[in-house]
2 protein chains.
Amino acid sequence: MSGKALLYSYWRSSCSWRVRIVFTALNLKEIPYDIKPVSLIKNGGEHHSNEFREINPMEHVPALHIDGVTLIESLSIFQYLEETRPHRPLLPNDFVKRARVREICDVIASGIQPLQNLQVLIFVGEEKKNEWAQHWITKGFRAVEKLLSASAGKYCVGDEVTYADCCLIPQVFNARRFHVDLRPYPTILRVDRELENHPCFRAAHPSNQPDCPQEIAK
Amino acid sequence: MSGKALLYSYWRSSCSWRVRIVFTALNLKEIPYDIKPVSLIKNGGEHHSNEFREINPMEHVPALHIDGVTLIESLSIFQYLEETRPHRPLLPNDFVKRARVREICDVIASGIQPLQNLQVLIFVGEEKKNEWAQHWITKGFRAVEKLLSASAGKYCVGDEVTYADCCLIPQVFNARRFHVDLRPYPTILRVDRELENHPCFRAAHPSNQPDCPQEIAK
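Conventions and cut-offs
- Residues numbered from 1 in each chain as written.
- Chains lettered and ligands numbered in written order.
- Predicted model: local features only at pLDDT ≥ 70, side-chain atom pairs only at ≥ 80, totals over all residues.
- Heavy atoms only, no water.
- Helix = DSSP H or I, 4+ residues; strand = E, 2+ residues; numbered from the N terminus.
- Rg over C-alpha atoms; globule rule 2.2 N^0.38 Å.
- Buried < 20%, exposed > 50% of the residue type's maximum accessible area, 1.4 Å probe, protein only.
- Contact = heavy atoms within 4.5 Å.
- Areas by Shrake-Rupley, 256 points an atom, 1.4 Å probe, with all protein chains shown as cover.
- Lys, Arg positive; Asp, Glu negative; His and termini not counted.
- Charge placed at Lys NZ, Arg CZ, Asp CG, Glu CD.
- Domains from an automatic or database assignment.
- Buried area = accessible area lost by both parts, 1.4 Å probe.
- Salt bridge = Lys/Arg side-chain N within 4 Å of Asp/Glu carboxyl O.
- Least-squares fit on C-alpha atoms with pLDDT ≥ 70 in both.
- 1 Å grid on protein atoms, 1.4 Å probe; cavity = no way out; pocket = protein on both sides within 12 Å on 5 of 7 lines; lining within 4 Å.
- Points joined across faces, edges and corners; volume = space filled by probe spheres on them.
- Nonpolar A, V, L, I, M, F, W, Y, C, P; charged D, E, K, R; others polar.
- Axes fitted to C-alpha atoms, helices over the stretch in contact; angles between N-to-C directions.
- Parallel < 35°, antiparallel > 145°, perpendicular 65-115°, else oblique.
- Left-handed = near helix turned anticlockwise from the far one by under 90°.
- Pairing = 2+ DSSP bridges.

K.L.:
Quick question: what am I supposed to make of the overall build of chain A here?
P.N.:
Of the regular secondary structure elements, chain A holds nine helices and four strands. Going from N to C terminus, chain A has its helices and strands arranged as β-α-β-α-β-β-α-α-α-α-α-α-α. A globule of 218 residues ought to have a C-alpha radius of gyration of about 17 Å, and chain A, at 17 Å, matches this closely. Based on the C-alpha atoms only, the size of chain A along its principal axes is roughly 45 × 45 × 30 Å. Buried positions account for 60% of the 218 residues belonging to chain A. Pairs at least 24 apart in sequence give 67% of the contacts found in chain A among residues at least 6 apart. When the accessible surface of chain A is summed, it comes to about 9,200 Å², and 50% of that surface belongs to carbon and sulfur atoms. The centroid of the 27 positive side-chain charges in chain A is displaced by 3 Å from the centroid of its 26 negative side-chain charges.

Structure follows, in structure tokens:
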């Protein structure tokens, strides 16, 4: 473990937010880190620069420099942190419960977020982007609600914070941005309420990031 | 471990194929299983039936019934099999190499496949679907090629088959279906060639599935 970690992040990126929660929420892993903001807006997107493409060839945030290496993809970063920092685990011990956590992560990370991320919406076009995002978030949340109805305790899977919560909360924020009606998803809403005022989940919130525009920051 | 596993699968689904490779390729995990075909075409798609929605609320294949529980999401299934059947590992021991495997899996499973899967292409429309699929596969393969240029040995990460190979090979098949020019990706093509005639990877191939239409099957 060499030096302080550096997280390449954009304040409103839900995938960056997932990783920020792991670092900051509950001081979950107690890993000191700095944030390097990467604007997805300025100059056509700093993530498309030659410099950033060397850090992440997918031209996405987050990327994480840690232990002398650069890692990409939020769920892969979760696993690396879990394996190298097994204290304060964010996965249950039980094999099936671990699968339940990962299923929820994967449904969000493969089934919802990729279809409503900024790059895809630019390609879909201004006129259709809201309808498009609502369609896929609604489809995904129907499934997540069903999964949570079987797995949730206080949080997504049982009564301890897991990686599933780190994926769900940012996705609920995105759902609200696209004006998705969340009333059909009472378990999602309950878990979101449970965590929204948690001081450590708040620290990772977009509105508390150094690169959040001043008129939006709280 | 109770009884034989049952894999809900569609012959041409790349996500089903990933899991079939784990079961069959190299007899990687030596887990006896049966296949239950779920047609994504017949009757508007059997994955949209009420019966299948109880198995997987995302209405995707694959789903896996094993050890008395039903699991969904191919990457989550990989992790469950790795944790419960650690013999013949499909992840390296080294933490950073494990991250490299998972990054490649995640780039494909979150950054490419979701944008060219059948349900999304139906929504995109017949007229634009080829251009759409080519765009996202090309963008993703540029990143995968860059990742492989640093990680690949004989296979995606080093000289042993890993989950990254189980994700890559089906995605290359999809790229060919959409007539993506693969010449700019020499490392992807090399790994694909390395595995295409491997008898066990062949067993998992769409053309060797019980539900593959006879005019396509080899």
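From this point, the narrative continues.
K.L.:
Explain the domain arrangement of chain A here, please?
P.N.:
The extent of an interface is frequently quoted as the accessible surface area lost upon association of the parts. All names here are of chain A. Once the domains are mapped, chain A shows domain 1 (5–88) and domain 2 (95–201). Relative placement of domain 1 and domain 2: their C-alpha centres are 19 Å apart. Taken together, the contact pairs 24 residues of domain 1 with 21 residues of domain 2. Roughly 1,900 Å² is buried in total at the junction of domain 1 and domain 2, and carbon and sulfur atoms are behind 66% of that figure. Here domain 1 and domain 2 share zero salt bridges between them.

K.L.:
Honestly, the relation of the copies chain A and chain B in this entry has me stumped. Any pointers?
P.N.:
The two chain copies are connected by a rotation around an axis plus a translation along it. Aligned on chain B, chain A shows an RMSD of 0.0 Å; the corresponding rotation is 180° and the shift along the axis is 0.0 Å. Between the two chains, the operation in question is that of a two-fold axis. The C-alpha atom lying nearest the rotation axis in chain A is that of S110 of chain A; the distance is 2.2 Å. The fraction of interface residues of chain A whose copies in chain B are also interface residues reaches 100%, indicating that both copies meet through the same surface.

K.L.:
Teacher, can you tell me more about empty space enclosed by the protein here?
P.N.:
Taking a probe equal in size to a water molecule and rolling it over the atoms shows the remaining empty space. Enumeration according to the criterion identifies one cavity of 30 Å³ or more in this entry. Reported here for the largest cavity is a volume of approximately 210 Å³. Those elements that place two or more of their residues in the lining of the largest cavity are helix 3 (74–84) and helix 4 (95–112) of chain A together with helix 3 (74–84) and helix 4 (95–112) of chain B. Here the residues of the lining of the largest cavity sort into 12 nonpolar, four polar and four charged.

K.L.:
Explain helix 8 (residues 186–196) of chain B here, please?
P.N.:
Given 3.6 residues to a turn, an α-helix orients residues that are three or four positions apart in the same direction. Within helix 8 of chain B, the full set of buried residues consists of T187, I188, L189, V191, D192 and L195 of chain B. Where the residues of helix 8 of chain B are buried, they touch helix 6 (129–151), helix 7 (163–177) and helix 9 (199–203) of chain B.

K.L.:
Honestly, the packing of helix 1 (residues 14–24) of chain B against helix 7 of chain B in this entry has me stumped. Any pointers?
P.N.:
Between two packed helices, both the angle of their axes relative to each other and the distance between the axes serve to describe the pair. Residue and element names in this part refer to chain B. Between helix 1 and helix 7, the least distance of the axes is 9 Å, while the angle of their chain directions is 140°. Classed by the angle they form, the pair helix 1 and helix 7 counts as oblique. Remark: the crossing between helix 1 and helix 7 carries right-handed chirality. When helix 1 is examined against helix 7, the residues S14, W17, R18, I21 and V22 are found in contact with a partner set consisting of Y163, C166, C167, I169, P170, F173 and N174. The residue makeup of the contact of helix 1 with helix 7, split by class, is nine nonpolar, two polar and one charged.

K.L.:
What am I meant to see in the sheet that holds strand 4 (residues 69–72) of chain B here?
P.N.:
Sheet strands pair via backbone hydrogen bonds, and the direction of the pair is either parallel or antiparallel. All names here are of chain B. The strand order 2-1-3-4 describes an open sheet built from four strands, whose pairing is mixed. Two strands bound the open sheet, and with one partner strand each, they are strand 2 (33–37) and strand 4. Along the sheet, successive strands turn relative to each other by an average axial angle of 20°, direction set aside. In terms of strand pairing, strand 1 (residues 5–9) meets strand 2 through five bridges, oriented parallel. Across the sheet, the residue bridging to A5 is Y33, located in strand 2. Packed on one face of the sheet, helix 1 meets strand 1, strand 2 and strand 3 (63–66) and runs near 150° to strand 1. Running over the sheet, helix 3 touches strand 3 and strand 4 and is turned about 130° from strand 4.

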